[in-house]
Amino acid sequence: MSDKTVTLKEAPRLAGFLKSMLRDYGMLISLFAIMAFFEVVTDGTLLRPLNLTNLVLQNSYVVMMALGMLLVIVTGNIDLSVGSVSGFIGAVAAVLIVKFGVHYVLAALVCLVLGAAIGAAQGYWVAYFKIPSFIVTLAGMLVFKGLALAILGGQSVGPFPVEFQRLSSGFIPELISNADGIYPTSLAIGAALALALVWQNARSRAQQQSYGIETEPNGFFLAKNFLLFAVIVYFAYLLASYRGLPNVLVIMTALVALYAFVTTRTILGRQIYAVGGNAKAAKLSGIKAERLTFLTFVNMGVLAALAGLVFAARLNTATPKAGLGFELDVIAACFIGGASAYGGVGRVSGAVIGAMIMGVMNNGMSILGIGIDYQQVIKGLVLLGAVCLDVYNQRRS
Amino acid sequence: MNALLEMRGISKYFTGVKALTEVSFTVAEGEIHALVGENGAGKSTLVKVLSGVYPHGSYEGSIVFDGEERRFRDINDSEAFGIIIIHQELALIPLMSIAENIFLANPPAHFGVIDRGAVHRRTLELLATVGLDESPDTLITDIGVGKQQLVEIAKALSKRVRLLILDEPTASLPEKDSAALLSLLLEFKARGIASILIAHKLSEVARVADRITVLRDGRTVDTMDCRGKPVEEDRIIRKMVDRDLEHRYPRRTPKIDGTVFRVSGWSAYHPLHSDRQVIKGIDFEVRRGEIVGIAGLMGAGRTEFAMSLFGRSWGQKISGRAEIDGREVDVSTVQRAIDAGLAYVTEDRKQFGLLLAEDVRKNVTLANLSAVASANVLDDAREFQVASDYRRRMRIRSHSVYQETGTLSGGNQQKVVLSKWLFTDPKVLFLDEPTRGIDVGAKYEIYCIINELADAGRGVVVISSELPELLGICDRICVMNNGGIVGEFPAAKATQEMIMRTIMRSGETAP
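1. Side note on the sheet that holds strand β17 (residues 327-328) of chain B
Residue and element names in this part refer to chain B.
Next, step 1: Spatially, the 4 strands line up as an open sheet ordered β14-β13-β16-β17, and their pairing is antiparallel. Edge strands, defined here as strands with exactly one partner in the open sheet, are β14 (277-287) and β17.
Next, step 2: As paired elements, strand β13 (residues 259-269) and β14 share 7 bridges and run antiparallel to each other. Bridged to Phe261 within β14 is Val286.
Next, step 3: In this fold helix α9 (residues 302-309) packs onto β13, β14 and β16 (316-324), with an angle of close to 75 degrees to the strand it touches most, β14.

Encoded structure:
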């Protein structure tokens, strides 16, 4: 048995390295390829500062929900209700703020708590009663779609106060006067973030080397991090040359960082992946599988509520149709990003990249004037193709 | 004696690995030919070459069946010649009936409409042949593994069989069922059907086989004729492992101290049938440095006993008192049981023990993550050190602690599971079938580890269906039957016969 592993090691290192690189960065490379494609065919419209800002605003809520969905999927479940829930929460916010004149901060808090309660209600059946999540959340999808219609009385409710709108359409305040149409604070924050990421990469690489683990070649590491740095700074520059960093991008980035940290570096994250990988073994190792599954649904509810608030603030109105079909984009984002439908596998970075791929395609195809009909066809094929590629890669390695 | 099958100079490569080297193997008409060897010796690969799972062209050498060279492209080709293979993992569909399973691929039919009468009739005939007294309409899920095995054989007989290949048919069967299965092979032999029997239980092999071929590292080591006089087990083992296992079990001088773990009046009921008491008021104790074996047939309640103790992982309405170091402990959840100092190493490491898609490191620390974390944040460096330390101490053969456990051999997987539980620093370990599905060499290593555990002052409980193993490594053996402990022997004085007699006698007196 043991000699198999020895011979594997002797395989040409470069080929093996390229293969593993393709597996690890395949989706990121696809994202860049798709962006480059649309940048060319839209004659440079895609990356114009105005459009890039819109791209962020349009997709922030998908990314937020994808973070929650990833954890749900990792535990081997699915949540079909997130679109309806976010629409319902938007409606609740509108009714509270516009009709009853509740202060927007209080209303937002009530909405987040309500989201948690909705997640708890659904998670309870899934985790403790072992009812398949597909069924529970399919029911939730209908229930909350109906409730949204009911409390809005079938009409749109708005507009929101200006302060609430800033959640979605505001930009971070500029500290230094902006010369030449550039927002220096935003640019500085972008550069600082890029530096922090590069420093983090270097540190974990040094640590891996100190353990004697084989790492990627030096040249590749440098090139990769230089590229990472350049891309982030470039995007920050583009945003800074419009109106600076959108508030929602700040919230989103903070959430992405938080979830990346929780999933990879904490006991909680490790245990969630263990439950998804082998629930029976996890339980026999003292992990409370039911409680963790329950919590992933509570978390999903809160994030769906946040997304609902962001979306309502962006449209400046709550409509009965808000949230329609969001769940499909969110779930697709996770699977395009490499999550496994069987649970136990999936990364935050993957889900974020998946959401961005969906977002860029939506945006790029809209600019090209492709109808909503064929947009769906193309998105569907991309989802299938991405997952096929992933399965193929897994099987080969 | 005419050769039915002759495999000549078979070599088979997998990317970079030579699985078979110039293997030659013959089966005579109406012969039972056993194929033995350690895990990974190439037994399964050889029969896969034979049955066409690995098609002609993917291997070197030639296969002569019934006097002519054959080139099977797939399993249908070989089945057409009457070569039928029954795999270790049964290929039955649980929610279909016995009859539906037997005639799954080719039911008797007219114009595509299944002739249910004919299916029923022929199923009854086939079941009678294999000695299975069940209705053809019984669902597979409602019968035990032993009977399922018989259904597989009936299914094989529904085709024209000339050579039956059984891959570890008795691995998961209790003694009685495997005896029935083996006598069935003898019956087939009388009817002129030859069999290839792949098996780990050498005593069974010796009972029915005409010849035994030993494979080691993908080569034929020897073919022994056992029709004249029986071949000694030790001789087979020596050939299998290529080293003289003068002692199959490592020597140890027990240093036994006071009682570390005591259970009294432990009872548990079946999780689905709340009126069925499965564990019936067990009193049991383990001393520091002692290895206690629990013997018993399948269904005696051994695993159920251990799992109900370990955080109520099995059963309902559990009652009884558990003490560690003389103090009563709360073992009502797995976490509490771990905190109290218990560990349970499952009998089914793939289903209940490991995260197969995760690496060695994550598996080793899983049950005690807080020990490699501060304020709930994992410390990569500490985790790496812990995992590397266990990898070295337990001699886990992997290229690093970052290798996925699913790609390790059975013995190394078991060492990972043991590492996980050692890292919780338990006072008492329950090891459920610790060497199941592990080859002879790795077994020896596991025994050494068990000895070290006991010598470190822990109490060790070994549940095993292999009596020689219990006799070889334990200090004391408790015999379980029908949910209770029915006998206890110092291992030094016990024999297999004594244990079996105790089980049988307790069965007679039971209500």
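From this point, the discussion proceeds with the structure in view.
2. Points about the confidence of the model for chain A
Next, step 1: Averaged over chain A, the pLDDT score is 88; the fraction of residues at 70 or greater is 94%.
Next, step 2: Note on residues 1-11 of chain A: pLDDT is under 50 here. Beyond four places in sequence and across chains, it has 13 contacts.

3. Notes on the environment of Ile353 of chain A
All names here are of chain A.
Next, step 1: For Ile353, the position within the fold is in helix α15 (residues 348-368).
Next, step 2: Ile353 sits 34 residues away from Val387 along the chain, and the two C-alpha atoms are 14 Å apart.
Next, step 3: For Ile353, the contacting residues outside a window of four places in its chain are Met27, Leu28, Leu31 and Gly337.

4. Some remarks on the sheet that holds strand β10 (residues 194-198) of chain B
Residues and elements named next belong to chain B.
Next, step 1: Ordered by their spatial adjacency, 6 strands build an open sheet running β6-β9-β10-β3-β11-β12, and the pairing between neighbours is mixed. Looking along the sheet, the strands with just one partner apiece sit at the ends: β6 (83-86) and β12 (219-225). Adjacent strand axes in the sheet meet at a mean angle of 20 degrees, parallel and antiparallel pairs treated alike.
Next, step 2: When strand β3 (residues 32-36) meets strand β11 (residues 211-216), the two strands line up parallel, connected through 4 bridges. Among the inter-strand pairings, His33 is bridged to a residue of β11, identified as Arg211.

5. Topic: the packing of helix α14 (residues 410-422) of chain B against helix α15 (residues 440-455) of chain B
All names here are of chain B.
Next, step 1: Remark: α14 packs on α15, axes separated minimally by 9 Å, with the N-to-C direction vectors making an angle of 15 degrees. The angle between α14 and α15 falls in the class roughly parallel. Once α14 is placed against α15, the crossing between them reads as right-handed. Residues Gly411, Gln414 and Leu418 of α14 form the contact with α15, whose own contacting residues are Ala442, Glu445, Ile446 and Ile449.
Next, step 2: Split into classes, the residues belonging to the contact of α14 with α15 amount to 4 nonpolar, 2 polar and 1 charged.

6. Observations concerning helix α5 (residues 145-157) of chain B
Residue and element names in this part refer to chain B.
Next, step 1: Over its 13 residues, α5 runs 18 Å from end to end, which matches the ideal 18 Å to within 8%, given 1.5 Å per residue.
Next, step 2: By the criterion of burial, α5 is predominantly enclosed, with 11 of the 13 residues buried.
Next, step 3: For α5, the full list of buried residues reads Lys147, Gln148, Gln149, Leu150, Val151, Glu152, Ile153, Ala154, Lys155, Ala156 and Leu157.

7. Quick word on the interface of chain A and chain B
Next, step 1: With 27 residues of chain A at the contact, the number on the chain B side is 36 residues.
Next, step 2: Elements supplying a minimum of two residues to the side of chain A that touches chain B: α1 (2-9), α11 (267-277) and α12 (279-284) of chain A.
Next, step 3: Residue contributions to the side of chain A that touches chain B peak at 7 residues, all from α1 of chain A.
Next, step 4: Residues belonging to the side of chain A that touches chain B are distributed by class as follows: 10 nonpolar, 10 polar and 7 charged.

8. Let's talk about unusual backbone geometry
Note: most peptide bonds trans; most residues except glycine with negative phi.
Next, step 1: Omega for the bond connecting Gly158 of chain A with Pro159 of chain A falls within 30 degrees of zero, at -10 degrees, which places this linkage in the cis form.
Next, step 2: If you trace the backbone, Pro159 of chain A turns up in the loop between α6 (133-152) and α7 (162-169).
Next, step 3: Residue Lys130 of chain A is not a glycine yet carries a positive backbone phi of 60 degrees.
Next, step 4: For Lys130 of chain A, a count of 9 C-beta atoms within 10 Å gives the class exposed.
Next, step 5: Non-glycine residue Asn376 of chain B carries a positive phi angle of around 70 degrees.
Next, step 6: Take Asn376 of chain B: it is sitting in the loop between β19 (373-374) and β20 (377-378).
Next, step 7: Of the residues examined, Asn376 of chain B has 13 C-beta atoms within 10 Å and is grouped as partly exposed.

Quick notes on the rules
- Residues numbered from 1 in each chain as written.
- Chains lettered and ligands numbered in written order.
- Predicted model: local features only at pLDDT ≥ 70, side-chain atom pairs only at ≥ 80, totals over all residues.
- Pairing = 2+ DSSP bridges.
- Helix = DSSP H or I, 4+ residues; strand = E, 2+ residues; numbered from the N terminus.
- Contact = placed C-beta atoms within 7 Å.
- Axes fitted to C-alpha atoms, helices over the stretch in contact; angles between N-to-C directions.
- pLDDT = per-residue confidence, 0-100.
- Parallel < 35°, antiparallel > 145°, perpendicular 65-115°, else oblique.
- Left-handed = near helix turned anticlockwise from the far one by under 90°.
- Nonpolar A, V, L, I, M, F, W, Y, C, P; charged D, E, K, R; others polar.
- Expected span 1.5 Å × (residues − 1).
- Buried ≥ 20, exposed ≤ 12 C-beta atoms within 10 Å, placed from the backbone.

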